[in-house]
Amino acid sequence: LAPLERILTHILMAGPIGAGAVGTIAALLTALGAAAFGYGWLWTGLPLLLAPTPLEGMAARLARLRMQDGEHGGWWSYLMPLVAGAALVALAYTLAREHGWGMVLLGFTTLAFLAAEAIETETRAPRAAVLLAERRGMAWLMLPFAIFGLWHVGLAALFVYAAASFFWAQREAHRERAGA
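Residues numbered from 1 in each chain as written. Predicted model: local features only at pLDDT ≥ 70, side-chain atom pairs only at ≥ 80, totals over all residues. Heavy atoms only, no water.

S.K.: Where do I start with the pattern of salt bridges in this structure?
M.R.: Pairing is possible between side chains that carry opposite charge, provided their charged atoms lie close to one another. Scanning the model with the defined rule gives three salt bridges in all. With a shortest N-O distance of 2.1 Å, Glu56 and Arg135 are connected by a salt bridge. Taken together, the positions of Glu56 in helix α4 (residues 52–65) and Arg135 in helix α7 (residues 135–147) put the pair 79 residues apart, joining distant regions of the chain. Under the relative-accessibility criterion, Glu56 is labelled buried at 12%. You can call Arg135 partly exposed: its relative accessible area is 27%. Arg171 serves as the salt-bridge partner of Glu172, at 2.7 Å between the closest nitrogen and oxygen. On the accessibility criterion, Glu172 (3% relative accessible area) is buried. (Salt bridge = Lys/Arg side-chain N within 4 Å of Asp/Glu carboxyl O. Helix = DSSP H or I, 4+ residues; strand = E, 2+ residues; numbered from the N terminus. Buried < 20%, exposed > 50% of the residue type's maximum accessible area, 1.4 Å probe, protein only.)

See below:
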């Protein structure tokens, strides 16, 4: 999404719209996507989760260009993981109606692996860090499963991706310590 973010940031750069406004829109769209998942409107929720992915990058770029909001981008950047996590849990609860309570367990376990990965990568970036699970990429990963109506398989794929990312980050962290 970097080329799209770059183009849109260039358009907004000289205008009055700030990083906070763009970030707030991204957080609002993500929250609406979570609500749509909660009501079982899967095909409404997914586009509402995909649309903010370039907006979040644009907001961070605008903040850096205008030297605002420090390194994290603003208050909305702290809200985004919460509303994205709520969207994952809402999707899991909706899928549990048809596929059983294991979907809920899968959703919460995925969030636990993502939180553990964030802790492991907080102070250092492991090799191949660009391939690790992160919120925006996971939203796009769900798209091919949704297209074929395999939402439950997509949720399982997100779990596997988050778990593999955590174990890779942990392996790299302990590898560095063993080498020292």
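S.K.: Looking at this structure, how should I read the packing of aromatic side chains?
M.R.: The relation between two aromatic rings is expressed through the spacing of the ring centres and the mutual angle of the planes. Applying the stated criterion to the full structure yields seven aromatic pairs. Centre to centre, the rings of Phe166 and Phe167 are 5.1 Å apart; their planes meet at 55°, and the pair counts as tilted. Through pairs of rings, three or more aromatic residues link up here, namely Phe113, Phe159, Phe166 and Phe167. (Phe/Tyr/Trp six-rings, centres within 6.5 Å; stacked < 30°, edge-to-face > 60°.)

S.K.: How do you make sense of the side chain of Thr110 when you look at a structure like this?
M.R.: With respect to the helices and strands, the residue Thr110 is situated in helix α6 (residues 102–120). Among the polar contacts made by the side chain of Thr110, one reaches the main-chain carbonyl oxygen of Leu106 at a distance of 2.7 Å. Other than its neighbours up to four places away in sequence, Thr110 contacts Leu88, Met138, Leu158, Phe159 and Ala162. (Polar contact = N/O pair within 3.5 Å; in protein donor to acceptor, adjacent residues only side chain to side chain. Contact = heavy atoms within 4.5 Å.)

S.K.: What is the right way to look at unusual backbone geometry in this model?
M.R.: The bulk of non-glycine residues show a negative phi, and the bulk of peptide bonds are trans. Within the chain, Ala128 stands out as a residue other than glycine whose phi angle is a positive 60°. Assignment of secondary structure puts Ala128 in the loop between α6 and α7. Its relative accessible area of 41% is what places Ala128 among the partly exposed residues.

S.K.: So what exactly am I meant to see when it comes to the nonpolar core here?
M.R.: Inside soluble globular proteins, nonpolar side chains tend to come together where they are buried. Membership of the largest hydrophobic core comes to 28 residues, with the highest contact counts inside it found for Phe37, Leu46, Leu91, Leu95, Trp151 and Leu155. Among the elements of the structure, α2 (19–38), α3 (42–50), α5 (75–99), α6, α7 and α8 (151–179) are those that each provide at least two residues to this core. When residues of this core are assigned to their parent elements, the largest contribution, seven residues, is made by α5. If you look at the next biggest cluster of nonpolar residues, it comprises 12 residues, including Val22, Ala26, Leu62 and Met80. (Core = buried A, V, L, I, M, F, W, Y, C linked by side-chain atoms within 4.5 Å.)

S.K.: I tried to follow the environment of Ala92 on my own but got confused; where do I start?
M.R.: Considering the arrangement of structural elements, one finds Ala92 in helix α5. In this structure, the C-alpha to C-alpha distance between Ala92 and Val104, residues 12 residues apart in sequence, is 4.9 Å. Contact partners of Ala92, with chain neighbours within four places excluded, come to Met103, Val104, Gly107 and Leu155.

S.K.: How should I be thinking about the environment of Thr30 in this particular structure?
M.R.: Mapped onto the elements, Thr30 comes out in helix α2. With relative accessibility at 3%, the residue Thr30 sits in the buried group. Residues Thr30 and Leu48, 18 residues apart in the sequence, show an inter-C-alpha distance of 6.0 Å.

S.K.: It is not clear to me how the packing of α2 against α5 should be interpreted in this structure. Could you clarify?
M.R.: For any two helices packed against each other, one specifies the crossing angle of their axes together with the interaxial distance. Interaxial distance between α2 and α5 falls to 7 Å at its minimum, and their mutual angle equals 15°. By the angle class used here, α2 and α5 are roughly parallel. Where α2 crosses over α5, the handedness of that crossing is left-handed. Only Trp75, Trp76, Leu79, Met80, Val83, Ala84, Ala86, Ala87, Ala90, Leu91, Thr94 and Arg97 of α5 make contact with α2, whose side of the interface consists of Ala19, Gly20, Gly23, Thr24, Ala26, Ala27, Thr30, Ala31, Ala34, Phe37 and Gly38. A per-class count over the contact of α2 with α5 returns 16 nonpolar, six polar and one charged. (Axes fitted to C-alpha atoms, helices over the stretch in contact; angles between N-to-C directions. Parallel < 35°, antiparallel > 145°, perpendicular 65-115°, else oblique. Left-handed = near helix turned anticlockwise from the far one by under 90°. Nonpolar A, V, L, I, M, F, W, Y, C, P; charged D, E, K, R; others polar.)

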